[in-house]
Amino acid sequence: MYNLNGAIDRLAEQFVACFPKVKPTHRTVGREAEYPVVRANGQAGDARRLLEHLRATQGMTAQYDPHSPNLIVGLKSATCNYALEVGVGTIELNSLPSNTLWEIQSAMNDAVRKVVRAAARYSWQLLGYGIQPASPPSLQIMAPKQRYQSLYRAMGASWLWYTVTASDQCHVAIAQPELVQLLNVGNMMAPIIIALCGNSPVFGGRRSAFCSAREGRMAEIHATEHRHGMPPRPYTSIGDYIHTVSQSTYLIIKTGGEIIPSRQPFTEYLRAHGPDFDAFLYHEHYVWNSARLRTAYATIEIRPACQQPWPEQMAAAALTVGLVEAAAQVDEYVQSELGTEYWERMLLYHQQAIRHGLAAPQPAPNFLGQLIALAQIALEQRGYGEEALLTPIHDRLFRGQNPAQRARQVFMVDGLQGLLRYSAIRPEVLTV
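A brief look at the structure comes next. Since the model is a prediction, treat every value here as computed from it, not as a measurement.

The rules behind the values
- Residues numbered from 1 in each chain as written.
- Predicted model: local features only at pLDDT ≥ 70, side-chain atom pairs only at ≥ 80, totals over all residues.
- Heavy atoms only, no water.
- Buried < 20%, exposed > 50% of the residue type's maximum accessible area, 1.4 Å probe, protein only.
- Helix = DSSP H or I, 4+ residues; strand = E, 2+ residues; numbered from the N terminus.
- Axes fitted to C-alpha atoms, helices over the stretch in contact; angles between N-to-C directions.
- Parallel < 35°, antiparallel > 145°, perpendicular 65-115°, else oblique.
- Left-handed = near helix turned anticlockwise from the far one by under 90°.
- Contact = heavy atoms within 4.5 Å.
- Nonpolar A, V, L, I, M, F, W, Y, C, P; charged D, E, K, R; others polar.
- Phe/Tyr/Trp six-rings, centres within 6.5 Å; stacked < 30°, edge-to-face > 60°.
- Disulfide = S-S within 2.5 Å.
- Core = buried A, V, L, I, M, F, W, Y, C linked by side-chain atoms within 4.5 Å.
- Polar contact = N/O pair within 3.5 Å; in protein donor to acceptor, adjacent residues only side chain to side chain.
- Salt bridge = Lys/Arg side-chain N within 4 Å of Asp/Glu carboxyl O.
- Pairing = 2+ DSSP bridges.

1. Looking at helix α6 (residues 190-197)
Part 1 of the argument: Most of α6 is tucked away: eight of the eight residues are buried.
Part 2 of the argument: Of all the positions in α6, only A190, P191, I192, I193, I194, A195, L196 and C197 are classed as buried.

2. What about the packing of helix α5 (residues 179-188) against helix α12 (residues 327-338)?
Part 1 of the argument: Packing of α5 against α12 brings their axes to within 10 Å, and their N-to-C directions diverge by 60°. As summarised for this structure, α5 and α12 are arranged oblique, according to the angle between their axes. Crossing handedness for the pair α5 and α12: left-handed. Across the interface between the two elements, Q181, L182, V185 and M188 of α5 pack against A327, A328, V330, D331 and V334 of α12.
Part 2 of the argument: Here the residues of the contact of α5 with α12 sort into seven nonpolar, one polar and one charged.

3. Observations concerning the packing of aromatic side chains
Part 1 of the argument: The final tally for this structure, using the stated rule, is 18 aromatic pairs.
Part 2 of the argument: The interplanar angle of 35° and the centroid separation of 6.2 Å between the aromatic rings of W159 and W288 together place this pair among those described as tilted. Separated by 129 residues along the polypeptide, W159 in the loop between α4 (146-155) and β7 (168-173) and W288 in strand β13 (residues 288-289) bring together distant segments of the chain.
Part 3 of the argument: The class for W159 is buried, based on a relative accessible area of 2%.
Part 4 of the argument: Its relative accessible area of 7% is what places W288 among the buried residues.
Part 5 of the argument: In this structure an aromatic cluster arises from ring pairing among F15, F19, Y235, Y241, Y250, F266, Y269 and F280.

4. Considerations on the state of the cysteines
Part 1 of the argument: Enumeration according to the criterion identifies zero disulfides in this entry.
Part 2 of the argument: Residue C80 stays outside any disulfide, its sulfur separated by 14 Å from that of C170, the closest cysteine.
Part 3 of the argument: Accessibility expressed as a relative area gives 1% for C80, which makes it buried.
Part 4 of the argument: Lacking any disulfide linkage, C306 is separated from the closest cysteine sulfur, that of C197, by 8.7 Å.

5. Examining the environment of F277
Part 1 of the argument: Turning to its location among the elements, F277 is positioned in helix α10 (residues 277-284).
Part 2 of the argument: Take F277: its relative accessible area is 14%, and that puts it in the buried class.
Part 3 of the argument: Residues F277 and P309 lie 32 residues apart in sequence; the distance between their C-alpha atoms is 39 Å.
Part 4 of the argument: Setting aside residues up to four positions removed in sequence, F277 forms contacts with L11, Q14, F15 and C18.

6. Quick notes on the nonpolar core
Part 1 of the argument: Ranked by internal contacts, the top residues of the largest apolar core, which has 144 residues, are L101, W159, M189 and V334.
Part 2 of the argument: Broken down by element, the residue count for this core peaks at nine residues, all from helix α3 (residues 101-120).

7. So, α4
Part 1 of the argument: For α4, every residue scored as buried is listed here: Q146, Y148, S150, L151, A154 and M155.
Part 2 of the argument: Two residues or fewer past α4, G156 is found with a positive phi of approximately 75°.

8. Re the side chain of R292
Part 1 of the argument: Position of R292 among the secondary structure elements: in strand β14 (residues 291-294).
Part 2 of the argument: A polar contact is formed between the side chain of R292 and the backbone oxygen of V287, at a distance of 3.1 Å.
Part 3 of the argument: Excluding anything up to four places from it in sequence, R292 contacts L183, E284, H285, V287, T299, I300, E301 and R303.

9. A look at the pattern of salt bridges
Part 1 of the argument: Per the stated rule, a full pass over the model turns up 21 salt bridges.
Part 2 of the argument: Here E13 and R10 are joined by a salt bridge, their closest N and O atoms 3.2 Å apart. Here E13 and its partner R10 are both found in helix α1 (residues 4-17), three residues apart, which amounts to about one turn of the helix.
Part 3 of the argument: The partly exposed category is assigned to R10, whose relative accessible area is 40%.
Part 4 of the argument: Bridged by salt links that share partners, the residues R27, E178, E325, R382 and E386 form one connected network.

10. Topic: unusual backbone geometry
Part 1 of the argument: Its identity as a non-glycine residue notwithstanding, H226 has a phi of 55°, on the positive side.
Part 2 of the argument: For H226, the location among the structural elements is in the loop between α7 (213-218) and β10 (228-229).
Part 3 of the argument: For H226, a relative accessible area of 36% gives the class partly exposed.

11. Things to note about the pairing of β7
Part 1 of the argument: Within β7, six of the six residues are buried, which leaves the element mostly enclosed by the surrounding structure.
Part 2 of the argument: Along β7, one buried face is formed by D168, C170 and V172 and the opposite face, lined by Q169, H171 and A173, is buried too.
Part 3 of the argument: In this sheet, strand β15 (residues 299-302) lies alongside β7 in antiparallel orientation, the contact comprising four bridges. Bridge assignment links V172 to a residue of β15, and that residue is I300.

Put into structure tokens, the structure is as follows:
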């Protein structure tokens, strides 16, 4: 048996070493944008057919599942990669590391245009929306990857919620001296991003109790382990982070060329095997907190935004990058404004924002306005005019209405077909 504290200390050293020692003079950024693919009746389409069509017509390099050689799971292109998500009705577009948000917007415009045109061949649509609007979570729409099947065996029906969600995640380059602060600020900003960018109020063909159903329902998954959303407290060190994450269940394990489900805490694996860094990263990948430190890219990944309406597609990314760039000022403002119980108050706001969006009471007067202002200044200081991409965020705050609240109104008046028309990304509105 290995000493647990010694194993965690060693893992912390290896984890930190994956990031540069010096803060970058200019932070590169990236975006993972997931889009529901739907048929005319709103039921999930099949993104595998879109990937095969794009492979055949666009000359892209295809990637196949090593355990299912005939299953296409992704495509690589010069500016953007395409991936099959947990649900076959969701396609993910990943920008390459970019210097500016404008570069990401250009790459996404081109990639989405290709997907929308491919979908139109089947009379399908791509949605600027955060969840499958009609198809419920089910095995029928789960991509047949071995690890997804093992996760289903480990987690049961709760895993199937990942078959319907469509998030808009952002990566920002970071360095060793700021890891803990940015991890805490990134998690603490989850309710801010949800309040302003929630966009999944209708799923299964019905209005839900949530503005962000994808965050609301996902928070219920293994809730006692706090695997999704805001963690229950800020972290004090990377060692503290690794120790905390390691107490949760090691859901799936790679062994003998296979992926099998598990029910033991990862701490038990560490006691038996010592500081296995690859195993820790595999375990940590299935802890879905709102902010995650990504060793493979030396970035912080901010996760809680739903996919945005297409005319406002970069709003969540712009807000995220601004808040990360202003992290020190954001941290100081929140703690000074909310006092010693700041984290508990943000946890409460997190629950309220998930349900009510911008109708949720703010933790302090003009709280959102102050944070948006800090993000605006930080984007201005980057020097690329990216602050212009915050215009939808300012508009939402002024109206007191986020995309989910608008989508809910559309659904109440015009039903599912009205929501589909409202959310669909149409070829004629794609920027050339």
